[in-house]
Amino acid sequence: MTALLATENLTMRFGGVVAVDGVTLSIGERELRCLIGPNGAGKSTFFRCLTGQYRPTSGRILWRGEDITGLQPHEIARRGIGIKTQVPSLFDRLTALEGVTLGVRRRHGEREARKRAMAALDRLGIADLAAKPVGLLAHGQRQLVELATVVAPEPDLIILDEPTAGMSAEETAGTAALIREMNRDHAIVVVEHDMQFIRAIARTVTVFHQGRVLAEDSAEAVLADPRVHDVYLGRPPEARQKVPA
Ligand SMILES: Nc1ncnc2c1ncn2[C@@H]1O[C@H](COP(=O)(O)OP(=O)(O)OP(=O)(O)O)[C@@H](O)[C@H]1O
């Protein structure tokens, strides 16, 4: 079966630095995939290649079998891929509903766009924020409104870059639950390095290290993998529990 999204030997170099080094992976319909890895592993660069912010040095990106390598972000979005970067996209002065509606307006008339925007806010459990100016929202609330802008156009695939960055433990757990709920209707790729989030999500995890795929398995298997502990913490988990005599 054709994958929804696939990369073949994707490579991105910056001068002598190979940030992404021959990554081949495949995301299926309705899949929820987490991409993790320590600082500098190449996650952000890989994300930016997928979203069209970077043109990869070599390799291919396939969307339902179509080569989309090097397309501009708006061309990628038009294919049904929703993207949430870490850069805020909402205007502070607009209300949450106005901000989310603006994103849906490209495809629908005002009335329908508003309806869809309200449905997205409702789905994320933040309908009560609809009339609030975005600039007055707390960080976690604002992140949820940003998420609503991605969900509202009903993309087939959603790609999220560190959706829980700056969130409290409680907000992180809530966002993980929301993402699992969103996954009922959308395939989702999440770039994260918060292990608590990975535990809460508990789906297939791809671990990046030095630009390559180090491991790809269930969250449980990845969290128990000594190689993953090594690259994350520089030492195996049992070593951390040893108390010097
Ligand atoms: N624009 C750039 N120019 C030069 N080198 C870069 C550039 N962007 C990333 N790199 C290098 O590529 C490697 C991968 O970086 P990247 O930011 O993709 O990793 P990451 O896994 O997202 O890390 P983090 O979790 O810290 O964001 C690093 O060695 C980084 O220094």
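Given the structure is predicted, the values throughout are model-derived calculations rather than measurements. (Residues numbered from 1 in each chain as written. Predicted model: local features only at pLDDT ≥ 70, side-chain atom pairs only at ≥ 80, totals over all residues. Heavy atoms only, no water.)

Things to note about the sheet that holds strand β1 (residues 5-14)
Spatially, the four strands line up as an open sheet ordered β2-β1-β4-β5, and their pairing is antiparallel. Strands with a single pairing partner mark the edges of an open sheet, and in this sheet they are β2 (17-27) and β5 (66-67). Sheet topology places β1 next to β2; eight bridges connect them, and they run antiparallel. Pairing of Leu5 across the sheet is with Ile27, part of β2. Strand contacts of helix α1 (residues 43-50): β1, β2 and β4 (58-63), with the helix running at about 120 degrees to β1, the strand carrying the most contacts. (Pairing = 2+ DSSP bridges. Helix = DSSP H or I, 4+ residues; strand = E, 2+ residues; numbered from the N terminus. Contact = heavy atoms within 4.5 Å. Axes fitted to C-alpha atoms, helices over the stretch in contact; angles between N-to-C directions.)

With respect to the pairing of β1
The antiparallel pairing of β1 with β2 creates a hairpin that spans two residues between the two strands, and Gly15 there sits at a positive phi of about 60 degrees. Bridge count for β1 against β4 is five bridges, and the pairing is antiparallel. Within β4, the residue paired with Ala6 across the bridge is Leu62.

What to know about the layout of surface pockets
As a volume, the largest pocket reaches approximately 860 Å³. If you go around the largest pocket, you meet 27 residues; those closest to its centre are Ala77, Ile83, Gly103, Arg106 and Thr149. When residues of the lining of the largest pocket are traced back to their parent elements, those giving at least two are α2 (73-78), β6 (81-84), α3 (96-104) and α5 (139-151). In terms of residue class, the lining of the largest pocket is built from 12 nonpolar, 10 polar and five charged. (1 Å grid on protein atoms, 1.4 Å probe; cavity = no way out; pocket = protein on both sides within 12 Å on 5 of 7 lines; lining within 4 Å. Points joined across faces, edges and corners; volume = space filled by probe spheres on them. Nonpolar A, V, L, I, M, F, W, Y, C, P; charged D, E, K, R; others polar.)

Thoughts on α5
Taking 1.5 Å of rise per residue, 13 residues should cover 18 Å, and α5 covers 19 Å from first to last C-alpha, within 8% of that figure. α5 sits mainly inside the fold: 11 of its 13 residues count as buried. Considered for burial, the residues of α5 that qualify are Gly140, Arg142, Gln143, Leu144, Val145, Glu146, Leu147, Ala148, Thr149, Val150 and Val151. Looking at the buried side of α5, the elements it contacts are β6, α3, α4 (110-123), β7 (157-161) and α6 (169-182). (Expected span 1.5 Å × (residues − 1). Buried < 20%, exposed > 50% of the residue type's maximum accessible area, 1.4 Å probe, protein only.)

Regarding the site of the ligand
Around the ligand sit 13 residues, and of these Gly40, Gly42, Lys43, Ser44 and Thr45 come closest. Ser44 is positioned such that a nitrogen or oxygen atom in its side chain is 2.6 Å from an oxygen atom of the ligand. For the ligand, an oxygen atom lies 2.5 Å from a polar atom in the side chain of Thr45. Across the complex, the protein chains shield 61% of the 640 Å² of accessible surface that the ligand would expose by itself. Looking at the shell around the ligand, the elements that each hand over two or more residues are β2 and α1. (Near = heavy atom within 4 Å. Polar contact = N/O pair within 3.5 Å; in protein donor to acceptor, adjacent residues only side chain to side chain. Areas by Shrake-Rupley, 256 points an atom, 1.4 Å probe, with all protein chains shown as cover.)

Topic: the environment of Gln141
Tracing the chain through its elements places Gln141 in helix α5. By relative accessible area, which is 31% here, Gln141 ends up partly exposed. Along the chain, Gln141 and Leu129 lie 12 residues apart, while their C-alpha atoms are 8.3 Å from each other.

Here's the deal with the sheet that holds strand β10 (residues 212-218)
Reading across from one edge, β6-β7-β8-β3-β9-β10 is the order of the six strands in this open sheet, with mixed pairing throughout. The open sheet has two free edges, formed respectively by β6 and β10, since each of these has just one partner strand. Strand-to-strand, the axes of this sheet are offset by a mean angle of 15 degrees, without reference to chain direction. By the bridge criterion, five bridges tie β7 to strand β8 (residues 187-191) in an arrangement that is parallel. Bridging from a neighbouring strand, Ile159 pairs with Val189 of β8. Together, β3 (32-36), β6, β7, β8 and β9 (204-209) form the strand contacts of α1, whose direction differs from that of β7 by roughly 145 degrees. Most of the contacts of α5 go to β6, to which it runs at about 165 degrees, and overall it touches β6 and β7.

Nothing here speaks to function; it is geometry throughout.
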